[in-house]
There are 4 protein chains.
Amino acid sequence: MTRRRRPTTGGNTVPREMTDATNASKSQKSREAILESAAKLFRRQGYSATTLRQIADLAEIQAGSIYYYFDSKDAILDEVLDEGLRRVFNGVKLKLKQAGDISHRQKIALAIEAHLVALHDASDFTSANIRIYGQLPERLKGPHRAIRRAYARYWDRLLSNAQKADEIRSDIELIPLRIFVLGALNWTVEWFDLSKKDAVQKLARRTESIIFDGVKR
Amino acid sequence: MTRRRRPTTGGNTVPREMTDATNASKSQKSREAILESAAKLFRRQGYSATTLRQIADLAEIQAGSIYYYFDSKDAILDEVLDEGLRRVFNGVKLKLKQAGDISHRQKIALAIEAHLVALHDASDFTSANIRIYGQLPERLKGPHRAIRRAYARYWDRLLSNAQKADEIRSDIELIPLRIFVLGALNWTVEWFDLSKKDAVQKLARRTESIIFDGVKR
Amino acid sequence: MTRRRRPTTGGNTVPREMTDATNASKSQKSREAILESAAKLFRRQGYSATTLRQIADLAEIQAGSIYYYFDSKDAILDEVLDEGLRRVFNGVKLKLKQAGDISHRQKIALAIEAHLVALHDASDFTSANIRIYGQLPERLKGPHRAIRRAYARYWDRLLSNAQKADEIRSDIELIPLRIFVLGALNWTVEWFDLSKKDAVQKLARRTESIIFDGVKR
Amino acid sequence: MTRRRRPTTGGNTVPREMTDATNASKSQKSREAILESAAKLFRRQGYSATTLRQIADLAEIQAGSIYYYFDSKDAILDEVLDEGLRRVFNGVKLKLKQAGDISHRQKIALAIEAHLVALHDASDFTSANIRIYGQLPERLKGPHRAIRRAYARYWDRLLSNAQKADEIRSDIELIPLRIFVLGALNWTVEWFDLSKKDAVQKLARRTESIIFDGVKR
DNA sequence: TATGAATGAGCATTCATTCAT
DNA sequence: AATGAATGAATGCTCATTCAT
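What counts, and at which threshold
- Per chain, residues are indexed from 1 in the order of the written sequence.
- In the order they appear in the text, chains get letters beginning with A and ligands get numbers beginning with 1.
- Predicted model: local features are reported for residues with pLDDT of at least 70 only, side-chain atom pairs are reported and counted for 80 or more only, and whole-chain, interface and lining totals are derived from all residues.
- To obtain the side-chain values, all non-hydrogen atoms of the structure were included, while hydrogens and water were left out.
- Any carboxyl oxygen of Asp or Glu that lies within 4 Å of a side-chain nitrogen of Lys or Arg is treated as forming a salt bridge with it.
- In this description a helix means any DSSP run of H or I spanning at least four residues, a strand means any run of E spanning at least two, and both kinds are numbered starting from the N terminus.
- With a 1.4 Å probe rolled over the protein chains alone, any residue whose accessible area is under 20% of its type maximum counts as buried; one over 50% counts as exposed, and the rest are partly exposed.
- Two residues form a contact once any of their heavy atoms are found within 4.5 Å.
- By buried area we mean the combined loss of accessible area, with a 1.4 Å probe, across both parts when two parts are placed together.
- The definition of a polar contact used here is a pair of N or O atoms within 3.5 Å, where within protein one atom must be able to donate a hydrogen and the other to accept one, and adjacent residues in sequence count solely through side-chain atom pairs.
- Throughout this entry, Asp, Glu, Lys and Arg are counted as charged residues, while Ala, Val, Leu, Ile, Met, Phe, Trp, Tyr, Cys and Pro are counted as nonpolar. The remaining residues, Gly among them, count as polar.
- What sets the superposition is a least-squares fit of C-alpha atoms, and only residues with pLDDT of at least 70 in both copies go into it.
- For Phe, Tyr and Trp, where Trp contributes only its six-membered ring, two rings pair if their centres lie within 6.5 Å, and the inter-plane angle classes them as stacked under 30 degrees, edge-to-face over 60, or tilted in between.
- For a ring to carry a charge above it, either NZ of a lysine or CZ of an arginine must fall within 6 Å of the ring centroid while also lying within 35 degrees of the normal to the ring plane.
- A molecule or strand has a residue near it when one of that residue's heavy atoms lies within 4 Å.
- Of the grid points, spaced at 1 Å and generated over the protein atoms alone, those admitting a 1.4 Å probe that cannot get out make up cavities, while open sets with protein on both sides within 12 Å along at least five of seven lines make up pockets; any residue with an atom within 4 Å of a point is treated as lining.
- Grid points are joined across faces, edges and corners, and a volume is the space filled by probe spheres set on the points.

Asks: What is the right way to read the pattern of salt bridges from this model?
Replies: Side-chain pairs of opposite charge can arise whenever the charged atoms involved come near each other. Following the criterion strictly, the structure yields 56 salt bridges over all chains and no others. Here Arg86(B) and Asp82(B) are joined by a salt bridge, their closest N and O atoms 3.2 Å apart. Remark: Asp82(B) and Arg86(B) occur in helix 4 (residues 73-98); sequence separation between them is four residues, near one turn of the helix. Close ionic contact of Glu138(C) with Arg145(C) constitutes a salt bridge, the shortest N to O distance being 2.5 Å. Under the relative-accessibility criterion, Glu138(C) is labelled partly exposed at 47%. For Arg145(C), a relative accessible area of 31% translates into the label partly exposed.

Asks: Help me understand the interface of chain B and chain A, please; the structure alone is not making it clear to me.
Replies: Often, the extent of an interface is quoted as the loss of accessible area upon association of its parts. Taken together, the contact pairs 41 residues of chain B with 41 residues of chain A. Carbon and sulfur atoms make up 61% of the area that chain B and chain A hide from each other, which totals about 4,100 Å². On inspection of chain B and its partner chain A, the count reaches four salt bridges. Between Lys216(B) and Asp213(A) there is a salt bridge, and its shortest N-O distance comes to 2.6 Å. Between chain B and chain A we count 24 residue pairs in polar contact (both at pLDDT 80 or more) in total. Those elements that place two or more of their residues in the side of chain B that touches chain A are helix 1 (26-45), helix 6 (125-132), helix 9 (174-191) and helix 10 (199-213) of chain B. With 11 residues, the top contributor of residues to the side of chain B that touches chain A is helix 9 of chain B. Tallied by class, the residues present in the side of chain B that touches chain A amount to 17 nonpolar, 10 polar and 14 charged.

Asks: Looking at this structure, I do not really get the environment of Ala150(D). What am I missing?
Replies: Summarising the element assignment, Ala150(D) is placed in helix 8 (residues 145-164). Considered as a pair, Ala150(D) and Phe89(D) are 61 residues apart in the sequence and their alpha carbons are 9.1 Å apart.

Asks: Any chance you could explain the relation of the copies chain B and chain A here in plain terms?
Replies: Put simply, the second copy of the chain is the first one after a rotation about an axis and a shift along it. Each copy superposes on the other: chain B lies on chain A with an RMSD of 0.1 Å after a rotation of 180° and an axial shift of 0.0 Å. Such a combination of turn and shift is consistent with a two-fold rotation axis. Of all interface residues in chain B, 100% are interface residues in chain A too; the two copies therefore contact each other through one and the same surface.

Asks: What is the right way to look at the environment of Phe70(D) in this model?
Replies: Within the secondary structure layout, Phe70(D) lies in the loop between helix 3 (66-69) and helix 4 (73-98). Between the C-alpha atoms of Phe70(D) and Leu35(D), which are 35 residues apart in sequence, the distance is 9.9 Å.

Asks: Would you explain the packing of aromatic side chains in this entry?
Replies: For any pair of aromatic rings, the description rests on two quantities: the centre-to-centre distance and the angle between the ring planes. Under the criterion given, the structure shown has 20 aromatic pairs over all chains. Judged by centre distance (5.1 Å) and plane angle (65°), the ring pair of Phe89(A) and Tyr151(A) falls under edge-to-face. Of this pair, Phe89(A) sits in helix 4 (residues 73-98) while Tyr151(A) is found in helix 8 (residues 145-164), placing the two residues 62 residues apart along the sequence. By relative accessible area, Tyr151(A) is classed as buried at 5%. When the centroid spacing of 5.6 Å and the interplanar angle of 80° are considered together, the rings of Trp187(A) and Trp187(B) count as edge-to-face. Within this pair, whereas Trp187(A) is found in helix 9 (residues 174-191), its partner Trp187(B) is found in helix 9, the two belonging to separate chains. Residue classification places Trp187(A) among the buried residues on the basis of a relative accessible area of 6%. Through a chain of ring-to-ring contacts, three or more aromatic side chains come together here, namely Phe89(A), Tyr151(A) and Tyr154(A). One Lys or Arg, Lys93(A), reaches over the ring of Phe89(A) and ends 4.1 Å from the middle of that ring.

Asks: Mind showing me how you'd approach the protein's contact with DNA strand E here?
Replies: Every one of the 37 residues lining DNA strand E counts as a neighbour, but Tyr68(B), Tyr69(B), Ser65(C), Tyr69(C) and Tyr67(D) are closest to it. If you look at DNA strand E and keep only atoms within 4 Å of the protein, 71% of those are sugar or phosphate atoms. Contact distances for DNA strand E include 2.7 Å between a phosphate oxygen and a backbone N or O atom of Leu52(A). Tyr67(D) places a side-chain nitrogen or oxygen 2.3 Å from a phosphate oxygen of DNA strand E. Among the residues forming the surface near DNA strand E, the class breakdown is 10 nonpolar, 18 polar and nine charged.

Asks: Which parts of the structure should I look at to understand empty space enclosed by the protein?
Replies: Taken as a whole, this structure holds eight cavities of 30 Å³ or more when the rule is applied. Size it by volume and the largest cavity reaches roughly 80 Å³. As for the largest cavity, its lining consists of Ile130(A), Arg131(A), Gln135(A), Trp187(A), Glu190(A), Ile130(B), Arg131(B), Gly134(B), Gln135(B), Trp187(B) and Glu190(B). Where the lining of the largest cavity is concerned, the elements lending two or more residues are helix 6 (125-132) and helix 9 of chain A together with helix 6 and helix 9 of chain B. Within the lining of the largest cavity, the residues separate by chemical class into four nonpolar, three polar and four charged. For the second largest cavity, the full set of lining residues is Ala184(C), Leu185(C), Thr188(C), Phe192(C), Leu203(C), Arg206(C), Thr207(C), Ile210(C), Pro176(D) and Phe180(D). Among the secondary structure elements, those contributing two or more residues to the lining of the second largest cavity are helix 9 (174-191) and helix 10 (199-213) of chain C together with helix 9 (174-191) of chain D.

Have a look at this one:
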């Protein structure tokens, strides 16, 4: 019952920024490969339809070997989910931090773009998270509720600040608005192939324009 | 190979509204119960995570009995998916047919409302469809692509007419707009419990307002 | 536990000769249809691979209806087996009874012919019996051992008489000979389509010639 | 779809004689155990009446483990069938190759003996093949038709050579003769327990004598 | 006289998981 | 650091059987 867990770099708080090539051991690489394969397959097929054998095949290891790195399929999901949300969240925060002194509308525009980038990026972590979270059993959702709520609150603040600054009409209720905006963004995963250069940026600008200005003449 | 499939109600065009108690045979009731249970579970957990035993339990029959009515789990999904899309589609078309001579914006507002109603209705067929379709393997998606495309084109026409009538800015590209709007609507399934009276109508109005007028002051 | 068994004409001792058209009720016809369908399918696919649904389909009734006529699948087999052996046995006995005063070799020749006729006849009862008996579980074989042994003993007498009359070499052991002869005959089911006119007669004559005269120059 | 099937011994041409204990890995042993158990049960009960659980029990492994070695029940059958026919075929060919310069009748006598040996040997592969092949559905028979035909042609040549050398009467048709002979041999499986020493040889000699010299005085 | 509806035990198969090496 | 071999619980599905009508 006391399970292994040797090759972790510290649970879920691994500084994944340094994973690229530096000292990433072979072991580290296998771990990453498993996670990336899992994310890709979860995204495409959902959690339950994805087998460990598929993940192993894609990661080019043996199914049994997965258990050297992870305690269970659930544990892989956990990390994929976590990574996925952290990527959008960090992406959005970073973008806004880098921006100088800009209007609230411009801030929201940047957040939209960063959210879309995370979603349509090469990696599948964020899109996997967005796509499968809703259908997961309570047991698997539970641990991630906190971060998700934090992200939602982050957007709420973004919108609230804009409203206080009179850049959003005062009769707009913010929570439904946030759901509306994030829904529209998230759903693009189901339709769009935004791998082409600048496609994400273009979509982001269009979305921002509709949300602020509306579509009417 | 050529057995079973006796108890069908005659294709997919059954008026399922009158199923309650009227003259629906006992057989028909079981069939409906299976479909409704399946829809509910598919919606909640996805297709692959839902077992026939769960469906049977919810329908209060024995797992083996399902095969008296359906050839396979896939066949159940097929019918749930079909029913689900037909319900939104019919709902939207009916709403617009009933409306008299109204503006394009009003038409779109009605379509939004009807779409949301189908999604948050008592029945889970539409929401199941919307939620799980994207993760299904090709084999299961295939047969439904046509109807889905037809529905998309229906919205495109709605928007196109509005644009021609100068009720939508001419610089707006319509296909991204349609994806944007339907995405925002579909995503509400993930967040909202709109079972409260008028909640759907209120959300519909809010959504329409944002889309047309935008959120800015 | 006290099972039905209404439409039997007296267990296994039914005078099946009068079944043709005379007073055979509709019920009787269904019974026969079930048995004939079962015999055909058992012969082709074996007992265990044949489903009641297949039998019902071929007999053009509903699967459930079989239980109006028979207590179980086993009971059908029982009757098919019985009928099958009785048909060869009666066929051979009848042929020999009709024959006048002939040599032992001629008698055996007639027995060979009658055995082959029963085997390749329109009806599948005998061939089903021959083909599937060996693979049946003890429980199903048991009740038929007696008749089978009786038939074997009948042939043994036939051969023994011939040997006593010096028409078979005295150094030939009769039981292996019987097995050899019946084996050769029975195996034809696996290879030959003897539905063509006179094919059976021709094969019978050839077989008799080999057995008595041998193949050598 | 493209997983498993690792532990093969390299196609079907493995010299299975050396499997006993020599260097056969543990894995190899399990594979053999499955095949041998399957052959024994198929022979006794037929294909469809044999369950994987029975095979697993006899092989002293868990039912699920079978799938580590075989893709399906059908795949096991395939290999059993193949092995079974190869054993007789090789047995007969080997016997004849070892024989020096002998008469055609003596050659046929040896072939009869080798065929009977394969059939009544410790292993059940050949007898399983002979017994169940006829009742198999097309799908399972198909792949083995070629080898079976090759074996039949081999016998045809044996007989044809004998006839050309005037050791078989010229009025004998060879194909029916082959069927007759092989039928007589094959059928012994249904009756005889030839495990006793020399029983097979004795039967072989008797059979050859009847076929060539006939039974008449 | 028959059947439509339903059952439940059992089947082949899958898959997350284990563990000796 | 990783795997080959094996497990066993659970899955979708089949089928002989039941029984009210």
